[in-house]
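Letter by letter, the chains look like this.
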Number of protein chains: 2
Amino acid sequence: MKKRLNIGLVGLGCVGSAVAKILQENQEIIKDRAGVGIGIKKAVVRDVKKHKGYPFEISNDLESLIEDEEIDIVVELMGGVEAPYLLAKKTLAKQKAFVTANKAMLAYHRYELEQTAKNTPIGFEASVCGGIPIIKALKDGLSANHILSFKGILNGTSNYILSQMFKNQASFKDALKDAQHLGYAELNPEFDIKGIDAAHKLLILASLAYGIDAKLEEILIEGIEKIEPDDMEFAKEFGYSIKLLGIAKKHPDCIELRVHPSMIKNECMLSKVDGVMNAISVIGDKVGETLYYGAGAGGEPTASAVISDIIEIARKKSSLMLGFETPQKLPLKPKEEIQCAYYARLLVSDEKGVFSQISAILAQNDISLNNVLQKEILHSNKAKILFSTHTTNEKSMLNALKELENLQSVLDTPKMIRLEN
Amino acid sequence: MKKRLNIGLVGLGCVGSAVAKILQENQEIIKDRAGVGIGIKKAVVRDVKKHKGYPFEISNDLESLIEDEEIDIVVELMGGVEAPYLLAKKTLAKQKAFVTANKAMLAYHRYELEQTAKNTPIGFEASVCGGIPIIKALKDGLSANHILSFKGILNGTSNYILSQMFKNQASFKDALKDAQHLGYAELNPEFDIKGIDAAHKLLILASLAYGIDAKLEEILIEGIEKIEPDDMEFAKEFGYSIKLLGIAKKHPDCIELRVHPSMIKNECMLSKVDGVMNAISVIGDKVGETLYYGAGAGGEPTASAVISDIIEIARKKSSLMLGFETPQKLPLKPKEEIQCAYYARLLVSDEKGVFSQISAILAQNDISLNNVLQKEILHSNKAKILFSTHTTNEKSMLNALKELENLQSVLDTPKMIRLEN
């Protein structure tokens, strides 16, 4: 195997610059997991002057990047449809691996690309739901299953808008403005709010689940722009929330694909997915439901997916059982140094001054109270004191509990549960 | 590549028989995804007489299975610690791939196995959380990240008991009996309720995330057996639920690992994971939070993970971009044949008989109402009618909406949202 794998990067925007940053910052762990060092040899951008301070060559000559014999993998983060498709074809013709985050291009050209590629690897984990490894889940994790159906919140912008409308009774217009103000929505948000972006992703996932070559124009796509506060009110009243879903279902003789706003029951895990987060629920005939949740967009989450593809291509021939080439040397944190908040339950005699004794012991151990509930036990002179604390360390808490147990007014061994946020 | 990959299966219990069943039932999709046919050549069990009707040889001679030159992959589903470890070593010495669902064995011998294996593949996706592809997520999907922390509901039995205690105010004892009655808990449930099983899984995941060779005896492990209804009441009162969590955190100079009951805020996705389901939330330094949810045990979900490992081993050298060797021929379902329930919003003039006109149109289109909300608009003689329907088909619904729009008393184009359960 080569000592170093060279990347040719096309595009240094939000995702491209994050790829460069992570390959630098996490180079050790990446080398461990890939079994080989990985670095960018050259990046191609439209305007060279705009991109300075990178430790690799920056050029505007795409052809020279494709022709460069030392470049092993071309990473396409330029956007668009036809230009990146042409780049992909030229790259694959040179038998260089190709990695892309470009869902629009794949929505149109994924099958032509697969045919062109033959045995040359193509990575596209970043094209659907950014940092969530849903492509790998469908290709690898669930590979023994017929996928009966899947449905997902595939677009963060529209999910942010719907979450705002649900929580703050905002109108669609105001929620959209808010999203634009925060940088979650583009000035021209059509692709996001009309369901086009979600449909691109649905088509890619449907190819993996069903091998179906569906086109954007053939499927039902509705956006969220007609949803009004009344709809949210109805949803709340009857235990629903409203989400823009991409939905795929396998029937005996056909595949159903659609993108539209959906009311989903509150018990459903997807209903808890708020703001710009994405999630996909997949039903396999053998595994049942599995669900994948995470950041669907943003520079670093998307770059994380791009680099996972690069690492997979790099280690194609090796297979690390436990993930690291070299064993790590970090020690375990001692139990008594664990830091967290705590809940405790005490059985006490219901007499004057008990609570002040308890709180004095906590204070001496540098523990401050958060919530307290005192419950008298009827027909006895006993009470239960239930309380939670702010963050402290295990040693202090265990010490405090021991001291509490020694109090005459505490009638039983105190019980404790750690809080985890 | 070979025409067929031969499996030697050790153990035909709940998971082993499901592996045999799925390899048979889903053989076409498995062949497509593996690029090669996969079948069981021989199974080894303790008592041959108990297992009949399988289309492969059944024996009680483990050595003959290891020695069989035609067997490419040994799948260990026998349970225990030392016997399966010995089997693994003998298998790897023959350079046959080894696949296991055995978390207890890996909790003790994972590093020795990695050393023994060298370049021979070992699959153990099924050892942690059954059908959830969390091993692949850590090894592949998140490979560009330092894992800052992860926490998970890693044991379905204890999660079922805690869910029952939370929802039905059951005592621990009653909830455990209930779980045993339903087959979710073993007659000897110690491993599950005392956190040992969760700790086995935590150790495996920690090796993948941090490369740390921690031992069971070194980490904090507490079970759920001391939790009482009072604790659940406190949790409810302050917006928490109680879950048995496996928790891992990376500190600058050490790794923190612990298993214990935890109070977690209701807003946290993990708090929604009820019954026997499992879920793991992972924080990567670049990708942020991702979460994985699914069935953590059971024959078919666990077998689904076992077979995903077999497929990955089979296709090591090929890489299918879109998952299928041969394109699938299924057509798209026509939009108007989609079936679901609907919600609609009408603006109507607030006069007698309007609702009966509306419901007549729905009935004529074979649509039955579910929930209805009528809202008068103050200082106007208008009202809004919001309703949801039972399942019908898109064509009927679109037709009904068109007819509704033509009513004189309907003042605006009706708006519709599909329901998704």
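Just so you know, these numbers come straight off a predicted model, no measurement behind them. (Residues numbered from 1 in each chain as written. Chains lettered and ligands numbered in written order. Predicted model: local features only at pLDDT ≥ 70, side-chain atom pairs only at ≥ 80, totals over all residues. Heavy atoms only, no water.)

Trainee: Looking at this structure, I do not really get the overall build of chain A. What am I missing?
Mentor: In terms of helices and strands, chain A carries 14 helices and 17 strands. A principal-axis box enclosing the C-alpha atoms of chain A has dimensions of 85 × 55 × 45 Å. Across chain A, every contact between residues at least 6 apart in sequence was considered, and the portion connecting residues at least 24 apart equals 70%. For chain A, the accessible area works out to roughly 17,000 Å², and carbon and sulfur atoms hold 49% of it. Here chain A carries 52 positive and 55 negative side-chain charges, and the mean point of each set is 4 Å from the other. (Helix = DSSP H or I, 4+ residues; strand = E, 2+ residues; numbered from the N terminus. Contact = heavy atoms within 4.5 Å. Areas by Shrake-Rupley, 256 points an atom, 1.4 Å probe, with all protein chains shown as cover. Lys, Arg positive; Asp, Glu negative; His and termini not counted. Charge placed at Lys NZ, Arg CZ, Asp CG, Glu CD.)

Trainee: What's the story with the UniProt feature "binding site: NAD(+)" in chain A in this structure? I'm lost.
Mentor: All names here are of chain A. If you check UniProt for "binding site: NAD(+)", the listed places come out as Val-15, Ala-34, Val-44 and Gly-298 in our numbering. The greatest C-alpha distance among the residues just named is 24.4 Å, and with 284 residues of sequence between them they are spread in space as well. As for its placement among the helices and strands, Val-44 is situated in strand S2 (residues 37-44). Take Val-44: its relative accessible area is 6%, and that puts it in the buried class. Setting aside its immediate chain neighbours within four residues, Val-44 contacts Leu-9, Val-10, Gly-11, Ser-59, Asn-60, Asp-61, Leu-62 and Leu-65. (UniProt positions renumbered as here; feature names shortened; annotations may be inferred. Buried < 20%, exposed > 50% of the residue type's maximum accessible area, 1.4 Å probe, protein only.)

Trainee: Could you clarify how one ought to interpret the sheet that holds strand S5 (residues 97-100) of chain B in this entry?
Mentor: Paired through their backbone hydrogen bonds, the strands of a sheet run either parallel or antiparallel. Residue and element names in this part refer to chain B. Reading across the sheet, the six strands line up as S3-S2-S1-S4-S5-S6 and stay open at both edges, with parallel pairing between neighbours. The sheet is open, and its two borders are formed by strand S3 (57-59) and strand S6 (122-123), each paired with just one other strand. Here four bridges tie strand S4 (residues 73-76) to S5, and the two strands are oriented parallel to one another. When the bridges of S5 are listed, Glu-76 appears paired with Thr-100. Against the sheet, helix H5 (residues 103-117) makes contact with S4, S5 and S6, and its axis sits at roughly 170° relative to S5, the strand it touches most. Lying on the sheet, helix H12 (residues 299-314) is in contact with strand S1 (4-10), strand S2 (37-44), S4, S5 and S6; it crosses S5 at an angle near 160°. (Pairing = 2+ DSSP bridges. Axes fitted to C-alpha atoms, helices over the stretch in contact; angles between N-to-C directions.)

Trainee: What is the right way to read the interface of chain A and chain B from this model?
Mentor: Size of an interface, as often reported, equals the accessible area lost when the parts are brought together. Listed as interface residues are 126 residues of chain A and, on the opposing side, 126 residues of chain B. Buried surface at the junction of chain A and chain B, summed over both partners, amounts to about 11,200 Å²; 57% is from carbon and sulfur atoms. Considering only the surface of chain A that becomes buried against chain B, Lys-286, Met-321 and Glu-420 of chain A emerge as the three largest contributors, covering 8% of it. A salt bridge links Lys-249 of chain A to Glu-420 of chain B, with the shortest nitrogen-to-oxygen separation between them at 3.4 Å. Across the contact surface, chain A and chain B share 48 residue pairs in polar contact (both at pLDDT 80 or more). Among the elements that line the side of chain A that touches chain B, the one with the most residues is strand S10 (residues 255-265) of chain A, at ten residues. Here the residues of the side of chain A that touches chain B sort into 62 nonpolar, 22 polar and 42 charged. In this structure, strand S12 (residues 288-295) of chain A lies alongside strand S12 (residues 288-295) of chain B, joined through five bridges in antiparallel fashion. If you follow Gly-294 of chain A over to S12 of chain B, its bridge partner there is Thr-290 of chain B. (Buried area = accessible area lost by both parts, 1.4 Å probe. Salt bridge = Lys/Arg side-chain N within 4 Å of Asp/Glu carboxyl O. Polar contact = N/O pair within 3.5 Å; in protein donor to acceptor, adjacent residues only side chain to side chain. Nonpolar A, V, L, I, M, F, W, Y, C, P; charged D, E, K, R; others polar.)

Trainee: For this particular structure, what's the right way to read the packing of helix H7 (residues 156-168) of chain B against helix H8 (residues 172-181) of chain B?
Mentor: To describe two helices that pack against each other, one gives the angle between their axes and the distance between the axes. Residues and elements named next belong to chain B. Closest axis-to-axis distance for the H7/H8 pair is 9 Å, and the angle between their directions is 130°. Taken together, the axes of H7 and H8 are oblique relative to one another. The handedness of the crossing between H7 and H8 is right-handed. The residues of H8 that touch H7, namely those facing Tyr-160, Ile-161, Gln-164 and Met-165, are Phe-172, Ala-175, Leu-176, Asp-178 and Ala-179. Its residues placed into classes, the contact of H7 with H8 shows seven nonpolar, one polar and one charged. (Parallel < 35°, antiparallel > 145°, perpendicular 65-115°, else oblique. Left-handed = near helix turned anticlockwise from the far one by under 90°.)

Trainee: Which parts of the structure should I look at to understand the domain arrangement of chain A?
Mentor: All names here are of chain A. With domains assigned, chain A is organised as domain 1 (2-129), domain 2 (134-294) and domain 3 (333-417). Each of domain 1 and domain 2 has a C-alpha centre, and these two points are 28 Å apart. If you look at the interface, domain 1 gives twelve residues, while domain 2 gives 21 residues. Contact between domain 1 and domain 2 buries roughly 1,400 Å² in total, counting both sides, with carbon and sulfur atoms accounting for 65%. (Domains from an automatic or database assignment.)

Trainee: When you look at the sheet that holds strand S1 (residues 4-10) of chain A in this model, what are you seeing that I'm missing?
Mentor: Residues and elements named next belong to chain A. With parallel pairing, the six strands of this open sheet are ordered in space as S3-S2-S1-S4-S5-S6. One side of each edge strand has no neighbouring strand; the edge strands of this open sheet are strand S3 (57-59) and strand S6 (122-123). As judged from the four bridges shared by S1 and strand S4 (residues 73-76), these two strands associate in the parallel manner. Paired with Val-10 across the strands is Glu-76, a residue of S4. Lying on the sheet, helix H4 (residues 82-93) is in contact with S1, S4, strand S5 (97-100) and S6; it crosses S5 at an angle near 155°. Here helix H12 (residues 299-314) sits on the sheet and contacts S1, S2, S4, S5 and S6; the angle it forms with S5, its principal contact strand, is near 160°.

Trainee: It is not clear to me how the UniProt feature "domain: ACT" in chain A should be interpreted in this structure. Could you clarify?
Mentor: Those residues carrying the UniProt feature "domain: ACT" are residues 343-418 of chain A in this numbering. Secondary structure content for residues 343-418 of chain A is 32% helix and 39% strand, while the C-alpha to C-alpha distance between its ends is 6 Å.

Trainee: Which parts of the structure should I look at to understand the relation of the copies chain A and chain B?
Mentor: Relating one copy of the chain to the other takes a rotation about an axis and a shift parallel to that axis. In screw terms, the move from chain A to chain B is a rotation of 180° and a rise of 0.0 Å along the axis, fitting with an RMSD of 0.0 Å. Overall, the copies show the geometry of a two-fold rotation axis. The position closest to the rotation axis in chain A is occupied by the C-alpha of Tyr-292 of chain A, lying 2.4 Å away. Mapped onto chain B, 100% of the interface residues of chain A again fall at the interface, so both copies present the same surface. (Least-squares fit on C-alpha atoms with pLDDT ≥ 70 in both.)

Trainee: Got a minute to help me understand the environment of Glu-82 of chain A in this structure?
Mentor: All names here are of chain A. Relative to the elements of secondary structure, Glu-82 occurs in helix H4. The partly exposed category is assigned to Glu-82, whose relative accessible area is 48%. Within polar-contact distance, the side chain of Glu-82 engages the side chain of His-109 at 3.0 Å.

Trainee: Whenever I open this one, empty space enclosed by the protein confuses me. Can you help?
Mentor: One water molecule sets the probe size; rolling that probe over the atoms shows where empty space is left. A full pass over the atoms with the stated rule returns two cavities of 30 Å³ or more. Here the second largest cavity defines a volume of roughly 90 Å³. For the lining of the second largest cavity, the secondary-structure elements that each account for two or more residues are helix H6 (134-141) of chain A together with helix H6 (134-141) of chain B. The element that contributes the greatest number of residues to the lining of the second largest cavity is H6 of chain B, accounting for four residues. When the residues that make up the lining of the second largest cavity are grouped by side-chain class, the tally is six nonpolar, one polar and four charged. (1 Å grid on protein atoms, 1.4 Å probe; cavity = no way out; pocket = protein on both sides within 12 Å on 5 of 7 lines; lining within 4 Å. Points joined across faces, edges and corners; volume = space filled by probe spheres on them.)

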